[in-house]
Amino acid sequence: MTSMKPNTQSSEKSTSSKQSIKKSDSLSQLSCIFSYPSPLLCTATITIPAAVINALYHEAALSQQKHAQTRGFNRGHMPIEYVKQHYRAHLVEHLQELLFKYCVINSLYREIRTNKIVVAGEPRVLDISLQPDKDALFVFELSLFPEVPIYEWKHFPFKAPKRKRYKDLDKQVELFMQEEKDSFESVKDHTVKPGDWVNFDITLLNHSGEPIADFLTQNFWVKIGKEEAEGPLRELFLKKKNGTFFQTQMKHLQDYFSNQLDSNYTFGIEIKDTAESSYFCIEQFKKHFRVKTNKAMHQKLIEVFSYRNDISQRRATVEESLKLILSKHPFSVPQHLLLREQKVVLNNIRHIPDYNVYRAQKDFQFRVRQLAERQAKEAIFMDQFAYHENISVSHAEIKSYFNFLKRSRTKEFIYFRLPSFKIQEQHMLMPTEEIKRICLREKALNHMIYHLTKR
């Protein structure tokens, strides 16, 4: 991610959601091809057609034309063909970053999941080739993990940790449910508010207000920060409703997708859905865990209220089930993946208040390595397990994931956490396909626990 420039200007035009964007005549489509140079290595090549590159190159040149100034031409009056030639290197770098963040990452994660590829670690960029009049190629290298045979896991003996029998816990759950019910019934205004998660389509438009290509409509989520210092993205969505369509040239969005040069693209945004933070949705909770009765729902909520040795019943159930399933399916993690995972662990724990205390302990490095190995194994196995069980992720399940993040207690129901989507402490766009990658692991984990504990 690149750092953000301060928002200095923005423009926005709201319209009814019924006023749809005029469809582009271009039939060009983005494509992704996987090749396998070795059993443990895969390359993914995402191709964007030359016709789309030329159209984008033209739009980028028009943006640059407004700011460009050189001898013999007044600002804004440099011939467009001169801009395309004189600023070619800058325009190419800009489009590489723009397309990478705008549509390539979403497409790559979607194709990995569709093709059921188990990737050890994160995809790595091998090469980006982009020039006018040519197809653009984004080439990634994926480390593959050998297939781990999955046995008749539903018959493994598993004894779930028990709740504590304090009656006070039942009262806490009843109070929680009543408070959330009251919060839900008190909501009269369903416009976007601070704390909400907003799901939206964003479309890159040309200077005539038309989409450049169909695949340049991409889906993202964003959390609306509660602090005014969160910046312009917060103001862009506040008080709007689901279904609202508007156009914007907000500088903050321009810089998010690329800060290689000043641009003034027009983005068409349609709000598709909102995960409201003012209440915890009980109905989503029941569907998520296949709970049908109030008694069963009560028992499920107890899991995040009952603690033993500072660990919730839910967390203990997750850890014990994963420990069981991994002990029955032993495998080793490659050294290169383990080293990368250790860096992730260290980066995360640096923000813990007692970090310096932990670091001073003799076995600190051993524990970091141990945690990194466990996390790497869990991610690899749950990806393969999800494919093995033919598990898929829907929009409703992403919304359910965000539902759990609304309250500190219910966050305990989430085991696989999203990476940080903050830049300089401000919430940024979250590519939907990257969120689905995490939600798929979470759904696979719940699927596993459901069957292990239902006897």
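This text follows the structure it describes.
What you see is a predicted model, and the numbers here were worked out from it, not measured in a lab.

### Here we look at helix α9 (residues 313–327)
Link 1 in the chain: Its 15 residues place the ends of α9 21 Å apart at the C-alpha level, agreeing with the 21 Å of an ideal helix rising 1.5 Å per residue.
Link 2 in the chain: Inspection of α9 places Q313, R314, A316, T317, V318, S321, L322, L324, I325 and L326 among the buried residues, and these make up the whole buried set.
Link 3 in the chain: In this structure, the buried side of α9 is in contact with α8 (294–302), β11 (311–312), α12 (364–388) and α14 (432–453).

### Describing the packing of α9 against α14
Helix-helix packing is described using two parameters, namely the angle between the two axes and the distance between the axes.
Link 1 in the chain: The N-to-C vectors of α9 and α14 enclose an angle of 85°; their axes lie 10 Å apart at closest approach. Between α9 and α14, the interaxial angle falls into the category roughly perpendicular. Between α9, through R314, T317, V318, S321, L322 and I325, and α14, the contact on the second element is made entirely by E442, L445, N446, M448, I449 and L452.
Link 2 in the chain: A class-by-class count of the residues in the contact of α9 with α14 yields 7 nonpolar, 3 polar and 2 charged.

### Quick notes on the pairing of strand β2 (residues 31–38)
Link 1 in the chain: Both β2 and strand β3 (residues 41–48) contribute to a ladder of 6 bridges, which runs antiparallel. Paired with F34 across the strands is A44, a residue of β3.
Link 2 in the chain: Linkage of β2 to β3, two consecutive antiparallel strands, is achieved through a turn of 2 residues.

### Quick word on the side chain of T432
Link 1 in the chain: Following the sequence through the fold, T432 ends up in helix α14.
Link 2 in the chain: What makes T432 buried here is its relative accessible area of 7%.
Link 3 in the chain: For T432, the side chain forms a polar contact with the side chain of N219, separated by 2.6 Å.
Link 4 in the chain: Not counting residues within four places of it along the chain, the set of residues in contact with T432 comprises N106, N199, N219, F220, W221 and I398.

### As for the sheet that holds strand β5 (residues 136–143)
Link 1 in the chain: Strand order across the open sheet formed by 4 strands is β2-β3-β5-β4, with antiparallel pairing between neighbours. Edge strands, defined here as strands with exactly one partner in the open sheet, are β2 and β4 (124–129). Put simply, the sheet's adjacent strands are angled 20° from each other on average, direction ignored.
Link 2 in the chain: As paired strands, β3 and β5 are joined by 8 bridges and run antiparallel to one another. Residue pairing across strands places A44 opposite F140, the latter belonging to β5.

Reading the values: the criteria
Once a new chain begins, its residue numbering starts again from 1 and follows that chain's sequence as written. In view of the model being predicted, local features appear only for residues whose pLDDT reaches at least 70, and side-chain atom pairs are presented and counted only at 80 or more, with totals across whole chains, interfaces and linings using the full set of residues. The side-chain numbers reported here are obtained from all heavy atoms of the structure, hydrogens and water having been left aside. Under the DSSP-based scheme used, a helix requires at least four consecutive residues in state H or I and a strand at least two consecutive residues in state E, with every element numbered from the N terminus. Every helix has an expected span of 1.5 Å times one less than the residues it contains. The rule is simple: take the accessible area with a 1.4 Å probe, protein chains only, and divide by the maximum for that residue type; under 20% is buried, over 50% is exposed, in between is partly exposed. Should any heavy atoms of two residues lie within 4.5 Å, those residues are counted as being in contact. Lines are fitted to the C-alpha atoms to define the axes, a helix being fitted only along its stretch in contact, and any angle between axes, read from their N-to-C directions, falls within 0 to 180 degrees. Oblique is the label for every angle not falling under 35 degrees (roughly parallel), over 145 degrees (roughly antiparallel), or within 65 to 115 degrees (roughly perpendicular). In this classification, Asp, Glu, Lys and Arg are treated as charged, Ala, Val, Leu, Ile, Met, Phe, Trp, Tyr, Cys and Pro as nonpolar, and every other residue, Gly included, as polar. At least two DSSP bridges between two strands are required for those strands to pair. What qualifies as a polar contact is a pair of N or O atoms within 3.5 Å, subject to a donor-acceptor requirement within protein and to the restriction that residues adjacent in sequence count only when both atoms come from side chains.

By themselves, these figures tell us nothing about what the structure is for.
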